[in-house]
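# Breakdown of the fold
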Amino acid sequence: MVRQALLPVLTLLTVLALFCSGCHSVSNRFERGAESTVVYARTGMHAFPDKAGTWEISSTNFLGGVKSVPCGSRLELHEVQSDSMSLTDDAGQRYRVGFVAKHSVMPFGEWRSRQFSSEPVELPEGLSELERTCIRQGRVEVGMSKAAVLLAIGYPPARRSPDLEASTWIYQVRRFSSRRITFGPDECVSAIQD
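By convention here, each chain's residues receive numbers from 1 onward along its written sequence. Predicted model: local features are reported for residues with pLDDT of at least 70 only, side-chain atom pairs are reported and counted for 80 or more only, and whole-chain, interface and lining totals are derived from all residues. Just so you know, side-chain values use all the structure's heavy atoms and leave hydrogens and water out.

A word on the pattern of salt bridges. By salt bridge we mean one thing: a side-chain nitrogen of Lys or Arg within 4 Å of a carboxyl oxygen of Asp or Glu. A complete count under the given rule lists six salt bridges for this structure. Between Arg96 and Glu56 there is a salt bridge whose closest N-O contact spans 3.4 Å. In this pair, Arg96 is assigned in strand 7 (residues 94-98) and Glu56 in strand 3 (residues 54-58), connecting sequence segments 40 residues apart. Among the residues examined, Arg96 registers a relative accessible area of 35% and is labelled partly exposed. Helix and strand assignments follow DSSP, with helices taken as H or I runs no shorter than four residues and strands as E runs no shorter than two, numbered in order from the N terminus. Partly exposed residues are those whose accessible area sits between 20% and 50% of the maximum for their type, while under 20% is buried and over 50% is exposed, using a 1.4 Å probe and protein chains only.

So, about the sheet that holds strand 9 (residues 168-174). Read across the sheet, three strands follow the order 9-10-11 without closing on themselves; strand pairing throughout is antiparallel. In the strand order of this sheet, the two ends are held by strand 9 and strand 11 (189-193), each with one partner. Averaged over all pairs of adjacent strands, the angle between strand axes in this sheet comes to 20 degrees, irrespective of strand direction. A pair of strands is considered paired only if DSSP assigns at least 2 bridges between the two. Across six bridges, the pairing between strand 9 and strand 10 (residues 177-183) is antiparallel. The residue of strand 10 that forms the bridge with Arg174 is Ser177. Only heavy atoms matter for contacts: two residues are in contact if any of them lie within 4.5 Å across the pair. Helix axes are fitted only over the stretch in contact, all axes being lines through C-alpha atoms; the angle between N-to-C directions runs from 0 to 180 degrees. With respect to the sheet, helix 6 (residues 146-153) is in contact with strand 9, strand 10 and strand 11, its orientation differing from that of strand 9 by roughly 15 degrees.

Moving on to helix 4 (residues 108-115). When you tally the buried positions in helix 4, you get six out of eight residues, the bulk of the element. Among the residues of helix 4, Phe108, Trp111, Arg112, Ser113, Arg114 and Gln115 are the ones counted as buried.

So, about the packing of aromatic side chains. We call Phe, Tyr and Trp rings a pair once their centres come within 6.5 Å, taking the six-membered ring for Trp, and we label the pair stacked below 30 degrees between planes, edge-to-face above 60, and tilted otherwise. Overall, the coordinates contain six aromatic pairs when judged by the stated rule. With a centroid separation of 4.7 Å and 65 degrees between ring planes, the pair formed by Trp169 and Phe183 is classed as edge-to-face. In this pair, Trp169 sits in strand 9 while Phe183 sits in strand 10, placing the two residues 14 residues apart along the sequence. A single burial state applies to Trp169 and to Phe183, both of which are buried. Through pairs of rings, three or more aromatic residues link up here, namely Phe99, Phe108, Trp111 and Phe116. In our convention, an over-ring charge means Lys NZ or Arg CZ found within 6 Å of a ring centre and within 35 degrees of that ring's normal. Here the guanidinium or amino end of Arg112 rests over the ring plane of Phe108, the centre of that ring lying 4.5 Å away. For Arg114, the ring lying beneath its charged end belongs to Tyr155, and the centroid distance is 3.8 Å.

Another aspect to go through is the sheet that holds strand 7. In spatial order, the strands read 4-2-3-7-6-5-1-8; together these eight strands make up an open sheet with mixed pairing. Of all the strands in the sheet, just strand 4 (67-69) and strand 8 (116-117) have a single pairing partner and so form its edges. Bridge count between strand 2 (residues 45-49) and strand 4: three bridges; the pairing is antiparallel. Within strand 4, the position partnered with Met45 by the bridge is Val69.

What follows is about the side chain of Ser117. Within the secondary structure, Ser117 sits in strand 8. Here the side chain of Ser117 touches Glu119 through a polar contact of 2.8 Å, landing on its backbone oxygen. As used in this structure description, the phrase polar contact means that two N or O atoms lie within 3.5 Å; if the pair is within protein, one of them must be able to donate a hydrogen and the other to accept it, and residues adjacent in sequence are counted only when both atoms belong to side chains.

Moving on, we get to the packing of helix 5 (residues 129-137) against helix 6. Closest axis-to-axis distance for the helix 5/helix 6 pair is 7 Å, and the angle between their directions is 25 degrees. By the angle class used here, helix 5 and helix 6 are roughly parallel. The two elements helix 5 and helix 6 cross, and the hand of that crossing is right-handed. Of helix 6, the residues touching helix 5 (which contributes Glu131, Cys134 and Ile135) are Ala148, Leu151 and Ala152. In these notes the angle categories are as follows: under 35 degrees is roughly parallel, over 145 is roughly antiparallel, 65 to 115 is roughly perpendicular, and the rest is oblique. By the definition used in this description, the sense in which the near helix is turned from the far one sets the handedness, with an anticlockwise turn below a right angle giving left-handed and a clockwise turn giving right-handed.

Read these as layout, nothing more, since geometry by itself doesn't imply function.
Below you can see the structure in the form of structure tokens.
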């Protein structure tokens, strides 16, 4: 019983350790003007198409994007500016990541290191089949652990949800709409509300 109650906590700690491991070395590789390098997504992200054929990702982490970039995706980093970066995936799709400081409540370099790894990202042990499927598809369902939610759809904007220990996280779906994800005492999703 105690082991079962500790599983979500241990999984969350494993995920947080995965995110933090190698953060310093990753941030050094993101220097402005650096040559292209391969990086891996630490969390799922969502992208919107622009008129030029580039997929736009915001650090605000809008969930309404029509394309999911799953956790573990291999991306080639081409350019880093003061508030943006450009990447391509293995299929040649172009991405532009825009950083919005007031929503992220952290410096751009810290955000980049939290989102991307210079080493391949593997999912932690202990995830259910439902969680693994949702992580691949970039979505959330009732019953998922906090750790699995982070891997599936990434972090909520820190301005709306500054405390990851809270029982409710608020994500932006689009500019003026949001989604509340509520966690029960077992640290698993108990409700999703738009």
